[in-house]
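# Observations on chain architecture
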Amino acid sequence: MPTQPILIRNHFQPDDEYDDLLVIHEGVARAMEPPLVQVLGPFWDDGRGGLIAAASAGDDACGYINATGDWLVAPDLEDARTFSDDGLSRFRTNGLWGYMNLLGQCVIAPRHEAVSAFAHGLAAVKVSAAAWRYIDMHGQFAFDGSFFNAGQFAANGLAAARLGEQDQTGYIGRDGQWVIAAQFDDALGFSVHGVAPAASAPKMFGLIDTAGNWIVPPRHDRIDEFNADGLAFCLQKGFKFAYLDASGKHVLKDQSYHLSTTMTCGIVKYGEKTYFKADGSELDTQYVYWGTDFTEHGFAIGHGSPAAEDPTGIDDGSLIWGLVRSDGVFLPAPKEVIEVLSSDGALWLPEANTPLAPFLGRDGVVLLDRDARVAYRWRREHGDAGQFAALYDHAGRLVWQGRPRAEVAMPPVFFAAAPDTFLDELESRAAFPDLVRDMLAETMQKLQRHANDPGFDVWAAGEHDDGDGEDDEDDVDEHDRYDRARCYGPSAVRRIFRSYRDEGVNGAYQFLSSMRVEAQEAIYNDLAAQLVAQFGPGDPAPDHACLRGLYREQGWAVDLPAPLAGTEGAKELNRVWLVIATFGDSGDGDEWDEVWLSCSPSGKTLEAADGARSLLTELESD
């Protein structure tokens, strides 16, 4: 058997370039030209001592590569798919699909606008807008007759098919003749055990045998095809999730929507940290607090606690990253690891053919093997010609280095992002005193103009403008409009911090909420401390006229340098409030946490300014 290569992605590429893959074969690393972006499935033995895989160079450029990093078929194709067990791969060029063999030779010319993968010697190809026919491995039609829907043939020689759009579905044999009459609303492929999911009506699924008899009556909302472990995911009535075996027995049943629809290596995830085995028993994962689905390599990426420590009382923010083994053991990542590598929360999972999980380290990227040991390590290094990415193996041997650049950017931290990452209308915490000064000056100027200039419309001034005095609608989201609408005119408002998690991220990583709240608290406490140092202790119930109804808030009263007209000597009528407050909310699965700073007059000061303005208006009208 030829030596399988491994694939390692260069995560130090500039933002305008793909994170291309290195091919490492027998200890030699190679960056391909044009750059390799993705391998589309496993490497297959070509029968002549070599390997081949479909691959992408990005931007709809596909081809086929070998184990040493050569393009066997140049990436001039529009699409390519992995090989099937029959040894043929689909590819598309000039909008038409054909088939490639394991030597990278076109054996069925591209002439169909859509095709399926070969299975047991036959494949369906689209011959017209509403008709599919089956071909053999020579590209010849296997039998007469076309179908509106044409499924893959199973090992028992049956394929689900439907004649017309409004017709029922049945099963045909390899000669195209009906073996099980068209009688089903829907029908899926047969498993190796000789059973198939079928539906008598919408949301009425059961299991049938090769004679079309019901093994399980049609009473499920959904049943998927059987997986490699001989189980089929199903949805019971009442929105209960489950798995069925080939006899129709529920191995898992009556589970909530937290049960994953994906079972890999005989393990399925339930919720954030629970796993079930294919026999229905629960995997002992007492030190795991969150984990992914298992990968094809037999491990999951997890967030947990070392087994040697007592996890009692440890909150999510102090847990560490690592791998969950198929026996339930949590293997902590080395101390240099910060978190699992991701792109805005989308995890970088192991590459095809490569049982290595990428993690973000303190000085680069580390790739861990199944036992959470460092197999390879990416580092950003400096040379006379600039910075470059360097790849080392577990023994510290340099395997490959990239070309020098002016700057090589490290992948960003996502889960453990520093609080300052979420600063919004503040460049840095060090700039906070200047912002406070500017907001005080802005508010006091607005207040004086509001009181002394009847022609000044304070309600239209300062609304999230871009410097030209005009509101930029494209820059104001609905949340901004809502909060700014609650603010009275002679004021200044800045959103200092905002952490936003959309439904996908929030649903996938529920532990992230506490981490982001901690970041919010860190910013709030630090900036509040700066205000205390400058103005003294804060008032927990400030009498301000802006952004009312937020959460925890503190305020500091600041006297106007010059009193409003007619209020000389009345200190309580000549003050503005600096207020820092937190805010958090959720909707449609999204969540956000914020810190706001406002500067606005007190209620009495605003009344005094309104009174002075009214008096001037009356005098002018006289």
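Structure: see above.
Residues numbered from 1 in each chain as written. Predicted model: local features only at pLDDT ≥ 70, side-chain atom pairs only at ≥ 80, totals over all residues. Heavy atoms only, no water.

## Overview of the packing of aromatic side chains
Note the threshold: Ring geometry is summarised as follows: Phe, Tyr and Trp rings, the Trp one being its six-membered ring, pair when their centres sit within 6.5 Å, and such pairs are stacked at plane angles under 30 degrees, edge-to-face over 60 and tilted between the two. We count a charge as sitting over a ring when the NZ of a lysine or the CZ of an arginine lies within 6 Å of the ring centre and within 35 degrees of the ring normal.
Enumeration according to the criterion identifies 28 aromatic pairs in this entry. Site record: aromatic cluster; members linked through ring pairs are Trp290, Trp321, Phe414, Phe415, Tyr509 and Phe511. Directly above the aromatic system of tyrosine 392 lies the positively charged group of arginine 379, at a separation of 5.6 Å from the ring centroid. Over the ring of phenylalanine 414 we find arginine 516; its NZ or CZ atom is 5.3 Å from the centre of that ring.

## Points about the pattern of salt bridges
As a reminder of what qualifies: One speaks of a salt bridge when a side-chain nitrogen belonging to Lys or Arg is within 4 Å of a carboxyl oxygen belonging to Asp or Glu. Note on classification: 1.4 Å probe, protein chains only; a residue is buried when its accessible area is under 20% of the maximum for its type, exposed when over 50%, partly exposed between these limits.
Under the criterion given, the structure shown has 28 salt bridges. A salt bridge links arginine 325 to aspartate 327, with the nearest nitrogen and oxygen atoms 2.7 Å apart. With relative accessibility at 40%, the residue aspartate 327 sits in the partly exposed group. Close ionic contact of aspartate 420 with arginine 429 constitutes a salt bridge, the shortest N to O distance being 2.7 Å. Given the relative accessible area of 34%, aspartate 420 is considered partly exposed.

## Considering the pairing of strand β31 (residues 299-304)
The condition is simple: Numbered from the N terminus, helices here are DSSP runs of H or I no shorter than four residues, and strands are runs of E no shorter than two. Strand pairing is defined by DSSP finding a minimum of two bridges between the two strands.
Across the 6 residues that make up β31, a large majority, 6, are buried. On β31, burial covers both faces: Phe299, Ile301 and His303 on one face and Ala300, Gly302 and Gly304 on the other are all buried. Here strand β30 (residues 288-291) runs beside β31; their pairing, made up of 3 bridges, is antiparallel. Opposite glycine 291, over in β31, you have glycine 302 as the bridge partner. Here 6 bridges tie β31 to strand β32 (residues 320-325), and the two strands are oriented antiparallel to one another. From the neighbouring strand, histidine 303 faces β32, where its bridge partner is tryptophan 321.

## Digging into the environment of alanine 211
Position of alanine 211 among the secondary structure elements: in the loop between β21 (204-208) and β22 (214-220). Residues alanine 211 and serine 256, spaced 45 residues apart in sequence, show a C-alpha to C-alpha distance of 34 Å.

The analysis is restricted to geometry; functional conclusions fall outside its scope.
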